[in-house]
Amino acid sequence: MKKTIFIFAALVIALLTLFQLSTYSVLMGSSSVEIIITIVAIIFFIIGVIINKKILYQQKNPTQAIHHKKVQELGLSKREHEVLCEIASGLSNKEIAEKLFVSESTIKTHVSNILVKLDAKRRTHAIQIAKKLQIISF
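Residues numbered from 1 in each chain as written. Predicted model: local features only at pLDDT ≥ 70, side-chain atom pairs only at ≥ 80, totals over all residues. Heavy atoms only, no water.

Chemist: Honestly, the confidence of the model for the protein chain in this entry has me stumped. Any pointers?
Modeler: Averaged over every residue, the pLDDT of the protein chain is 83; the share at 70 or more is 84%. Helix H1 (residues 2–28) is the least confidently modelled element of the protein chain, averaging 73 in pLDDT, while helix H6 (residues 104–118) averages 95, the highest of any element. (pLDDT = per-residue confidence, 0-100. Helix = DSSP H or I, 4+ residues; strand = E, 2+ residues; numbered from the N terminus.)

Chemist: Help me out: how do you make sense of the layout of surface pockets in this one?
Modeler: A probe matching the size of a water molecule, rolled over the atoms, marks out where space remains unfilled. The volume enclosed by the largest pocket comes to roughly 350 Å³. Lining the largest pocket are 11 residues, and of these Lys3, Ile7, Ile51, Lys54 and Ile55 lie nearest its centre. Of all elements in the fold, only H1 and helix H2 (33–56) reach the threshold of two or more residues within the lining of the largest pocket. Here the residues of the lining of the largest pocket sort into 7 nonpolar, 2 polar and 2 charged. (1 Å grid on protein atoms, 1.4 Å probe; cavity = no way out; pocket = protein on both sides within 12 Å on 5 of 7 lines; lining within 4 Å. Points joined across faces, edges and corners; volume = space filled by probe spheres on them. Nonpolar A, V, L, I, M, F, W, Y, C, P; charged D, E, K, R; others polar.)

Chemist: What exactly am I supposed to notice about the environment of threonine 106 here?
Modeler: Relative to the helices and strands, threonine 106 is located in helix H6. Distance from threonine 106 to asparagine 93, taken between C-alpha atoms, is 9.3 Å for residues 13 residues apart in sequence. For threonine 106, the side chain forms a polar contact with the side chain of serine 103, separated by 2.8 Å. (Polar contact = N/O pair within 3.5 Å; in protein donor to acceptor, adjacent residues only side chain to side chain.)

Chemist: Would you take a moment to explain the packing of helix H4 (residues 78–88) against helix H7 (residues 123–133) for this structure?
Modeler: The packing of two helices is summarised by the inter-axis angle and the distance between the axes. Interhelical geometry of H4 versus H7 gives an angle of 105° and a closest axis separation of 10 Å. When the axis of H4 is compared with that of H7, the two are roughly perpendicular. Contacts from Leu84, Ile87 and Ala88 in H4 reach Arg123, Ala126, Ile127 and Ala130 in H7. Each residue belonging to the contact of H4 with H7 can be placed in one class, and the counts come to 6 nonpolar, no polar and 1 charged. (Axes fitted to C-alpha atoms, helices over the stretch in contact; angles between N-to-C directions. Parallel < 35°, antiparallel > 145°, perpendicular 65-115°, else oblique. Contact = heavy atoms within 4.5 Å.)

Chemist: Is there a simple way to think about the side chain of histidine 81 in this case?
Modeler: Within the element layout of this structure, histidine 81 appears in helix H4. Residue class for histidine 81 comes out buried when judged on its relative accessible area of 12%. The contacts of histidine 81, once residues within four sequence positions are left out, are Ile66, Val71, Ile135 and Ile136. (Buried < 20%, exposed > 50% of the residue type's maximum accessible area, 1.4 Å probe, protein only.)

Chemist: Would you mind going over unusual backbone geometry with me for this structure?
Modeler: The phi angle of most residues is negative, glycine excepted, and most peptide bonds adopt the trans form. Its identity as a non-glycine residue notwithstanding, phenylalanine 101 has a phi of 60°, on the positive side. Mapped onto the fold, phenylalanine 101 is located in the loop between helix H5 (93–100) and H6. Among the residues examined, phenylalanine 101 registers a relative accessible area of 77% and is labelled exposed. Although it is not a glycine, glutamine 134 sits at a positive phi angle of roughly 55°.

Next up, the structure:
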């Protein structure tokens, strides 16, 4: 947070300095307003490109590895694990069914089996348990 505040403060100071320099140069008659505006625009374009590159290429937190042994120990089938991952991404039963090309009742059966195997009462509780056991990525 401090770094962000410092960057914006530096940008504001740089902008004010550029405006003061442009005012001084216009008063002195050494350069035209168009050249000063062009210089300011180029400087801010370069600053924007640098900030954009830093934001786009930030290292993201690596996702935790899924413990496939725990998935097998719980007795989750590959399809049930797939459904659990889709539930964790926030999809409804109908959306999961469309994505996996099965009927909605099949997804309901898988969800019921998941809840029993994870000893969960609701879908959200199942997701919490799965995150604790590190059987889904988040």
